[in-house]
Amino acid sequence: MSSQSVQSKSAIGRRALLHSGLALGAGTLGTALVSNGPVFAEDDSERLSKGDVAILRFLAAAEILETDLWQQYNELGGIQDGEVPGGTGSPPYLNALAQLDADMPQYIHDNTEDEISHFTFINAYLMSKGAEPVNLDRFRTLPSSKATGAQQIGRLTNLMQLTVDTTWYTRYRSRTKNPDFGDTFPPAIPGLSQGQFPAIPRNDGDLNSPNHIQAIANTAGFHFAFIEQGGNSLYPALAQRVSSREVLRILLSIGPTETAHFQTWHDKAGNFKPLTDPTNGLVFPDLNAAPLGGEDFQTNLFMPEPTIFLNRKFPVCSVIRPTETKGAAMGAAKGLTEDGLFIGQSREFFDTVTRLAQQADEAEPNQRDH
Ligand SMILES: [Fe+2]
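Everything quoted here is computed from the prediction, not taken from an experiment. (Residues numbered from 1 in each chain as written. Predicted model: local features only at pLDDT ≥ 70, side-chain atom pairs only at ≥ 80, totals over all residues. Heavy atoms only, no water.)

K.L.:
Explain the overall build of the chain to me, and be specific about the residues and the numbers.
P.N.:
When helices and strands are tallied, the chain shows 12 helices and 2 strands. Each helix and strand of the chain, placed in order from N terminus to C terminus, yields the pattern α-α-α-α-α-α-α-α-α-α-β-β-α-α. Counting the 370 residues in the chain, one finds 49% classified as buried. Here the analysis covers contacts within the chain between residues at least 6 apart in sequence; of these, 76% occur between residues at least 24 apart. Within the structure as shown, the chain displays about 16,100 Å² of accessible surface, and the carbon and sulfur contribution to it stands at 55%. (Helix = DSSP H or I, 4+ residues; strand = E, 2+ residues; numbered from the N terminus. Buried < 20%, exposed > 50% of the residue type's maximum accessible area, 1.4 Å probe, protein only. Contact = heavy atoms within 4.5 Å. Areas by Shrake-Rupley, 256 points an atom, 1.4 Å probe, with all protein chains shown as cover.)

K.L.:
So what about the nonpolar core? Which residues, and what values?
P.N.:
Counting 86 residues, the largest nonpolar core has Tyr73, Phe222 and Leu251 as its most contacted members. Elements with a minimum of two residues in this core: α5 (50-77), α6 (91-97), α7 (104-128), α8 (167-171), α9 (210-239), α10 (245-269), α11 (328-338) and α12 (347-362). Setting aside residues no more than four positions away along its own chain, Phe222 makes contact with Val164, Thr166, Trp168, Tyr169, Ala188, Ile189, Leu192, Ala269, Phe272, Phe284 and Leu287. (Core = buried A, V, L, I, M, F, W, Y, C linked by side-chain atoms within 4.5 Å.)

K.L.:
For the packing of aromatic side chains, give the residues involved together with the corresponding values.
P.N.:
This model, assessed by the stated rule, comprises 19 aromatic pairs. Residues Tyr73 and Phe224 carry aromatic rings whose centres are separated by 4.6 Å and whose planes lie at 90° to one another, so their mutual orientation is edge-to-face. One end of the pair, Tyr73, is in helix α5; the other, Phe224, is in helix α9, and 151 residues separate them in sequence. Through pairs of rings, three or more aromatic residues link up here, namely Trp168, Tyr169, Tyr172, Phe222, Phe262, Phe272 and Phe284. One cation-aromatic arrangement involves Arg173 over Tyr169; the distance from NZ or CZ to the ring centre is 3.5 Å. (Phe/Tyr/Trp six-rings, centres within 6.5 Å; stacked < 30°, edge-to-face > 60°. Lys NZ or Arg CZ within 6 Å of the ring centre and 35° of its normal.)

K.L.:
Please give an account of α9 that cites residues and values.
P.N.:
Think of an α-helix as turning once every 3.6 residues; residues three or four places apart then point the same way. Over its 30 residues, α9 extends 44 Å from the first C-alpha to the last, a length consistent with the 44 Å expected when each residue adds 1.5 Å. In terms of burial, α9 is a largely internal element, 26 of the 30 residues being buried. (Expected span 1.5 Å × (residues − 1).)

K.L.:
Describe the layout of surface pockets, and please don't skip the residues or the numbers.
P.N.:
Using a probe with the size of a water molecule, rolled over the atoms, empty space left in the structure can be pinpointed. What the largest pocket holds in volume is close to 970 Å³. For the largest pocket, the lining is made up of 42 residues, of which Gln229, Pro322, Gly331, Ala332 and Gly335 are closest to its centre. For the lining of the largest pocket, the secondary structure elements donating two or more residues are α5, α8, α9 and α11. Ranked by residues supplied to the lining of the largest pocket, first place goes to α9 with 9 residues. The class makeup of the residues in the lining of the largest pocket is 18 nonpolar, 12 polar and 12 charged. (1 Å grid on protein atoms, 1.4 Å probe; cavity = no way out; pocket = protein on both sides within 12 Å on 5 of 7 lines; lining within 4 Å. Points joined across faces, edges and corners; volume = space filled by probe spheres on them. Nonpolar A, V, L, I, M, F, W, Y, C, P; charged D, E, K, R; others polar.)

The structure is reproduced here in structure tokens:
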């Protein structure tokens, strides 16, 4: 536990600890205190249901993992300041990111700061309810980029061997399909799903070829949107199974900030420069030219198209997709794993993330502790 969380925990005091089976390391006292939990807890001193704790703990873990990857992007391609400290920037990488938008460093910084605030808030909220916060510090074992500008510290995530799924691009442009109906979508950049590619320079050798560092920045641009569309689905998917009105408020208030991020990144990704990476053959095709183009590919059509929702009998609707709640947490964990973010992580790490996801997916409204 970090010194910050030790401090917050001691500040919560005896009342919260008395309400907490988890904090006491035994469930017996807790059971006596919450045997008649309300449908929606209005009193903010009420203890959370087991399901709400599991959902919040998975979200805290997801936000910690997101923070770790955004921190790596910010060190090399963002703005390093008091809000998001660490690193000194990589001018060739910054220059390549500027192809997507001149303000990319500001956006990367702000997305990073948001993720820091998300996990910090959720963990503090869990502790205020006497529940155990999430700490993944023991898994900060992966190497940093060796490129000038990155800190040399242990990481939770790996941004140097990504297999980026870009089907979000066509999924949000489809007017007839929805993943919640079992539909699948073609990737915008097929090459990114057929290998392992860096989204940050791995070392200063990655800075020599202009088209190589531009391909790395393009990869990052599409990865930013991939990550944030995940959060954009995860919050509404899990919100459907919370018990407390206040926990629902938390999920409904954080979730749309992920959507704000996704919308921004969807727009910026469309500004990429079509090219072929001379070092590995990765192709970024021109999405505006035949045989591509049209509503499914045209780069300035980045707002969600209305599509089928709930039942085909209804008119199409512009919605977040997917939002199916069943298996949503495991789906998110699987998506991040397939992305390559955890390449090099320990068995214990995967077990821990899987357990957190399974517990969140087992959560049902009004499930009590026992
Ligand atoms: Fe977040």
